[in-house]
Amino acid sequence: MHIASVGTAFPPHRYPQAVITGAIKEKMRDKLDMPDVMDRLHGNCGVDFRHIMFPLDTLGTISGFGPTNDLWIKGAMELGEKAIQKALDHVGLRPKDISAIFFTSVTGIACPSIDARLVNKMGFPRSVKRIPIFGLGCVAGAAGISRAADYVRAYPKQYALLLSVELCSLTWQENDSSMAALVACGLFGDGAAAVVLAGEETELAKRPTSVKNPCPKILATRSTFYPDTEHLMGWNINESGFNIVLSADVPQLVKAELRSTVEGFLEENGMRMEQICSFIFHSGGPKVLQAMESSLGLPPHALSASWNSLRQRGNLSSASVLTVMQDFLLNRPGSPGCYSMMGAMGPAFCSELLLLQW
């Protein structure tokens, strides 16, 4: 199984972090005991810019789950189509070449799902298999690739597509002044990413891998569930929409569990940490990235692509790790034969790891 290409799409509205912070402070000024604390919280998020699906002056003008979710559907269709087209164009494929579509998001819901609506709009084959996924949150980018890889392992002559769309700005709740909500509205951004997975017997997989044509092979994947950690991350969903659940204990869990998870995964595949040339990790936030670095004992700049994605776009939930992968494909592919580790963590609490070879 090979990762053949990644395409991304972002809303046209991109703002400096300070501008977004100022707008939210103004909207919530009467609900905060100390409005200026938001400057400190958002300043510590490691984010310089974020994309927002709709103009910042519309923030808070739509209320209620239904109207907000309608905007999510509209935005997900727009960004999803762009991301898919970019991923397909990059490797010369057309929608009719795709046999299965995996779709993930945790910032809105739709039935028919977004993937079904794009089948009609973009001309995917009538026989296409659709696998919409909801609830995995930040881990879903890596988990989605793993599940799509499972598919092309079973059908090596076929191509599968993963689409992730996250419009985190639409989950903001003006009446939620909890610490988790104040951190989240400074950390998360909007964006979409699509990934083409190629089965081993496809033409794309048969092309020689090179710096100019990187197409890393997925050697193995591993899902890990950490028991009794459901309270650490997720949503409380009610009539007003999505209220964030985000515990301050997440970085500590990452620091405590990640190394043994990675080492166990590598041991299963007859490998050691020293053989991994690069790490393609989800941009979960400064404390999470620091916990990853500390747990794995990584050298300086080992996660520079993840840190850069966080600075330029914020945390895009499931799409973040896919944008980091795109950076590797475009700018820093490994030398032929070297190994990379791709990974993300998310609600439940859980992790997903992939062992790649360039």
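Residues numbered from 1 in each chain as written. Predicted model: local features only at pLDDT ≥ 70, side-chain atom pairs only at ≥ 80, totals over all residues. Heavy atoms only, no water.

### Observations regarding the packing of aromatic side chains
Scanning the entire structure with this criterion turns up 4 aromatic pairs. Ring geometry for phenylalanine 65 against phenylalanine 242: centres 5.8 Å apart, planes inclined by 50°, an arrangement best described as tilted. Here phenylalanine 242 lies in strand β10 (residues 241-246) and phenylalanine 65 lies in helix α3 (residues 65-90), a separation of 177 residues in the sequence. A relative accessible area of 5% means that phenylalanine 242 is categorised as buried. Among the aromatic residues, those joined into a cluster by ring pairs are Phe65, Trp235 and Phe242. (Phe/Tyr/Trp six-rings, centres within 6.5 Å; stacked < 30°, edge-to-face > 60°. Helix = DSSP H or I, 4+ residues; strand = E, 2+ residues; numbered from the N terminus. Buried < 20%, exposed > 50% of the residue type's maximum accessible area, 1.4 Å probe, protein only.)

### Re the nonpolar core
Phe279, Met292, Met341 and Phe349 are the most contacted members of the largest nonpolar core, which has 40 residues in total. When residues of this core are traced back to their parent elements, those giving at least two are α6 (179-187), α8 (250-268), β11 (276-281), α9 (286-296), α10 (304-313), β12 (339-346) and β13 (350-357). Broken down by element, the residue count for this core peaks at 7 residues, all from α8. Among all residues touching phenylalanine 349, those that are not within four sequence positions of it are Thr224, Phe225, Tyr226, Thr229, Glu230, Leu232, Met233, Val250, Leu253 and Val254. (Core = buried A, V, L, I, M, F, W, Y, C linked by side-chain atoms within 4.5 Å. Contact = heavy atoms within 4.5 Å.)

### As for the side chain of asparagine 69
Residue position: asparagine 69 is located in helix α3. Excluding its chain neighbours within four sequence positions, the residues that come into contact with asparagine 69 are Gly108 and Ile109.

### Details of the UniProt feature "active site" (unreviewed entry) in the protein chain
Summarizing the sequence annotation, UniProt attributes the feature "active site" (unreviewed entry) to Cys138 in the numbering used throughout. Structurally, cysteine 138 can be placed in the loop between β5 (129-134) and α5 (140-154). Setting aside its immediate chain neighbours within four residues, cysteine 138 contacts Phe188, His282, Asn315, Ser317, Ser318, Ala344, Met345, Gly346 and Pro347. (UniProt positions renumbered as here; feature names shortened; annotations may be inferred.)

### Brief notes about the layout of surface pockets
Its volume calculated, the largest pocket comes out at about 650 Å³. Lining the largest pocket are 29 residues, with Val183, Leu187, Leu246, Pro251 and Lys287 positioned closest to its centre. Considering each element in turn, the lining of the largest pocket owes the most residues, 5 residues, to α9. Across the lining of the largest pocket, the residue classes break down as 19 nonpolar, 8 polar and 2 charged. Space inside the second largest pocket adds up to approximately 510 Å³. Surrounding the second largest pocket, 28 residues form its lining, Gly60, Ile62, Thr68, Leu170 and Trp172 being those nearest its centre. Listed by contribution, the elements that provide at least two residues to the lining of the second largest pocket are α3 and β10. Here the element with the most residues in the lining of the second largest pocket is α3; it accounts for 5 residues. (1 Å grid on protein atoms, 1.4 Å probe; cavity = no way out; pocket = protein on both sides within 12 Å on 5 of 7 lines; lining within 4 Å. Points joined across faces, edges and corners; volume = space filled by probe spheres on them. Nonpolar A, V, L, I, M, F, W, Y, C, P; charged D, E, K, R; others polar.)

### Considerations on the environment of cysteine 350
In this fold, cysteine 350 is placed in strand β13. Put simply, cysteine 350 and threonine 229 are 121 residues apart on the chain and 8.6 Å apart in space, counted from C-alpha to C-alpha. If near-sequence neighbours (up to four positions away) are discounted, cysteine 350 is found in contact with Val139, Thr224, Phe225, Tyr226, Ala344 and Met345.

### Quick word on the pattern of salt bridges
Per the counting criterion, the structure on display carries 13 salt bridges. The closest approach of N and O atoms between aspartate 36 and lysine 25, which form a salt bridge, is 3.1 Å. On the criterion of sequence distance, the pair formed by aspartate 36 in the loop between α1 (17-28) and α2 (37-43) and lysine 25 in helix α1 is long-range, its members being 11 residues apart. Residue glutamate 81 pairs with lysine 121 through a salt bridge whose shortest N-O separation is 3.7 Å. A residue pair is termed long-range when its members are at least 10 positions apart, and glutamate 81 in helix α3 and lysine 121 in helix α4 (residues 114-122) qualify at 40 residues. A single salt-bridge network, built from bridges that share partners, covers Arg147, Asp150, Arg153 and Glu352. (Salt bridge = Lys/Arg side-chain N within 4 Å of Asp/Glu carboxyl O.)

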